[in-house]
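Each chain, written out:
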Amino acid sequence: MGKSKVLVVGGTGYIGKRMVRASLAQGHITYVLQRPEIGLAMDKVEMLLSLKKEGARLIEGSFSDYGSLVEAVKQADVVISAMSGDHIHSHSHNLLLQLKLVEAIKEAGNVKRFLPSEFGMDPLRMGNAIEPGRVIFDDKMTVRKAIEEAKIAFTYISANCFAGYFARNLSQIGTLVPPKQKVFIYGDGNTKVIFMDEDDVATYTIKAIDDPRTLNKTVYLRPPENIFSHRQLVEMWEKLSRKKLEKIHISGEDFLASMKDMDEIGQVIVGHCYHIFYEGCLTNFEIDEGQEEASKLYPEVNYTRMDDYLKQFL
Ligand code: GFR
């Protein structure tokens, strides 16, 4: 039995394209769902062509044509959904489209493992998340319930903070590049956070898909050298850039109060950052018996340390 065949749904997206590339790099026949709805989204059309040149196989299918989803799923052993759940890139409740994918997987009957679009905080632990950002966790739990009721084999990947959104910008809201003069520090800045290079998220995910140890498990990505505080992130950048930043500490109370002047997207981001940087939701728990941690499962992965990651932005 050769390596499993992989279908990536959302394969032109921010993390999805990395899943496709990691799947190809690890020797899997890799399919990418090509949705007609992408229409004139030239960036997605060009990404599909690029992935095809890199060896991926495109399968046409649409969430408005259930039969095409069943046919697409029948080509694969493992299905990975990397659909966007955040308000920046998609409409709210976008993740609930996955319920159709769950039905298609159930009907097709051939899929050995389904990885739904997670890749962030563990939604099982976000029952008390604040509005409006809590919707992403509620929707992820709705999808998990459907998967488990359908008795579909799964792996949930809790990937913590994508470096592109949290390290590159020193975790500043509303920007994706490092600040030049001043930096807002969340509280005392000592809460432990976990930063992940997105390529490593994809590498660990693909290693997990055929691993019996990760069957019906949550896999947390917690590489030890990437666990550190906001203050340490800022100090890392100051050392690399040889420039001190003016540090402005913002209390949790003031941070939450800032939501009232924001649009919904801003409120979602502030809410998520509050849980991460003030409550420490990524690191304030031990990994339960029966769950797994990726850097222990796959010690051979030389994951990107954040000082190396930050060097590209100097
Ligand atoms: C870490 O886990 C998650 C992170 C999660 O489970 C769900 C959502 C997130 C991210 C969002 C991804 O789009 O939290 C906020 C948002 C990322 C983001 C952070 C976007 C813009 C920013 O300026 C930003 O600053 C820290």
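See the structure printed just above.
Here goes a summary of the coordinates provided.

How each quantity is defined
Residues numbered from 1 in each chain as written. Predicted model: local features only at pLDDT ≥ 70, side-chain atom pairs only at ≥ 80, totals over all residues. Heavy atoms only, no water. Near = heavy atom within 4 Å. Polar contact = N/O pair within 3.5 Å; in protein donor to acceptor, adjacent residues only side chain to side chain. Areas by Shrake-Rupley, 256 points an atom, 1.4 Å probe, with all protein chains shown as cover. Helix = DSSP H or I, 4+ residues; strand = E, 2+ residues; numbered from the N terminus. Nonpolar A, V, L, I, M, F, W, Y, C, P; charged D, E, K, R; others polar. Pairing = 2+ DSSP bridges. Salt bridge = Lys/Arg side-chain N within 4 Å of Asp/Glu carboxyl O. Buried < 20%, exposed > 50% of the residue type's maximum accessible area, 1.4 Å probe, protein only. 1 Å grid on protein atoms, 1.4 Å probe; cavity = no way out; pocket = protein on both sides within 12 Å on 5 of 7 lines; lining within 4 Å. Points joined across faces, edges and corners; volume = space filled by probe spheres on them. Core = buried A, V, L, I, M, F, W, Y, C linked by side-chain atoms within 4.5 Å. Axes fitted to C-alpha atoms, helices over the stretch in contact; angles between N-to-C directions. Contact = heavy atoms within 4.5 Å.

### What about the site of the ligand?
Move 1: Around the ligand lies a shell of 20 residues, among which Asp86, Met121, Asn160, Gln172 and Gly174 are the nearest.
Move 2: In the environment of the ligand, an oxygen atom lies 2.7 Å from a nitrogen or oxygen atom belonging to the backbone of Gly174.
Move 3: In this structure, His272 approaches the ligand through a side-chain N or O atom, which is 3.4 Å from an oxygen atom.
Move 4: Contact with the protein chains removes 93% of the 570 Å² of surface that the ligand exposes when unbound.
Move 5: Elements that contribute at least two residues to the shell around the ligand include exactly helix H5 (135-149), helix H6 (163-166) and helix H10 (264-278).
Move 6: Grouping the constituent residues of the shell around the ligand by class yields 11 nonpolar, eight polar and one charged.

### Notes on the sheet that holds strand E6 (residues 155-158)
Move 1: Strand order across the open sheet formed by three strands is E6-E10-E13, with parallel pairing between neighbours. Looking at strand neighbours, the two that pair on one side only are E6 and strand E13 (292-293), the edges of this open sheet.
Move 2: Note that strand E10 (residues 217-220) and E13 share two bridges and pair parallel. Residue pairing in the sheet places Tyr220 in a bridge with Glu293 of E13.

### Here we look at the pattern of salt bridges
Move 1: Scanning the entire structure with this criterion turns up 14 salt bridges.
Move 2: The salt bridge involving Arg18 is made with Asp199; its shortest N-O contact spans 3.1 Å. With Arg18 in helix H1 (residues 16-25) and Asp199 in helix H7 (residues 198-209), the pair connects residues that are 181 residues apart, well separated along the chain.
Move 3: The residue Arg144 makes a salt bridge to Asp122 at a minimum N-O spacing of 3.4 Å. With a gap of 22 residues between them, Arg144 in helix H5 and Asp122 in the loop between strand E5 (113-115) and H5 connect regions that are remote in the sequence.
Move 4: When its relative accessible area of 6% is taken as the criterion, Asp122 is described as buried.
Move 5: One connected set of salt bridges, linked through shared partners, spans Glu118, Asp122 and Arg144.

### Examining empty space enclosed by the protein
Move 1: Taken as a whole and assessed by the stated rule, the structure comprises two cavities of 30 Å³ or more.
Move 2: Of the voids in this model, the largest cavity is the one considered here, and its volume is about 50 Å³.
Move 3: Considering the residues around the largest cavity, the lining is formed by Met121, Asp122, Arg125, Met126, Ser158, Asn160, Tyr220, Cys281, Leu282 and Phe285.
Move 4: Classifying every residue of the lining of the largest cavity gives six nonpolar, two polar and two charged.
Move 5: Considering only enclosed or pocket space, the second largest cavity measures out at about 40 Å³ in volume.
Move 6: Together, Gly85, His87, Ser90, His91, Ser92, His93, Asn94, Leu95, Val135, Ile136 and Asp139 line the second largest cavity.
Move 7: Class assignment for the residues of the lining of the second largest cavity results in three nonpolar, seven polar and one charged.

### What about the nonpolar core?
Note on soluble globular proteins: their nonpolar side chains tend to be buried together.
Move 1: Counting 38 residues, the largest nonpolar core has Phe195, Phe255, Ile276, Phe277, Leu282 and Met306 as the members making the most contacts within it.
Move 2: Per-element accounting of this core gives the leading share, six residues, to H10.
Move 3: Formed by 35 residues, the second largest nonpolar core is a distinct cluster that contains Val6, Leu24, Val78 and Val219.

### Examining the sheet that holds E5
Move 1: Taken in spatial order, the five strands of this open sheet run E3-E2-E1-E4-E5, and their pairing is parallel. Two strands bound the open sheet, and with one partner strand each, they are strand E3 (57-60) and E5. Pairwise comparison of adjacent strand axes, ignoring direction, gives a mean angle of 25° for this sheet.
Move 2: Here strand E2 (residues 30-34) runs beside E3; their pairing, made up of four bridges, is parallel.

### Description of the side chain of Arg134
Move 1: Residue position: Arg134 is located in the loop between E5 and H5.
Move 2: For Arg134, a relative accessible area of 18% puts it in the buried group.
Move 3: Engagement of the side chain of Arg134 in a polar contact is seen with the side chain of Asp138, the distance being 2.8 Å.
Move 4: In this structure, Arg134 is in contact with Gly127, Asn128 and Ala129, ignoring residues within four places of it in sequence.

### Focus: the environment of Arg18
Move 1: For Arg18, a relative accessible area of 21% corresponds to the partly exposed category.
Move 2: With 185 residues separating them along the chain, Arg18 and Thr203 place their C-alpha atoms 8.4 Å apart.
Move 3: Within the structure, Arg18 has its side chain in polar contact with the side chain of Asp199 (distance 3.1 Å).

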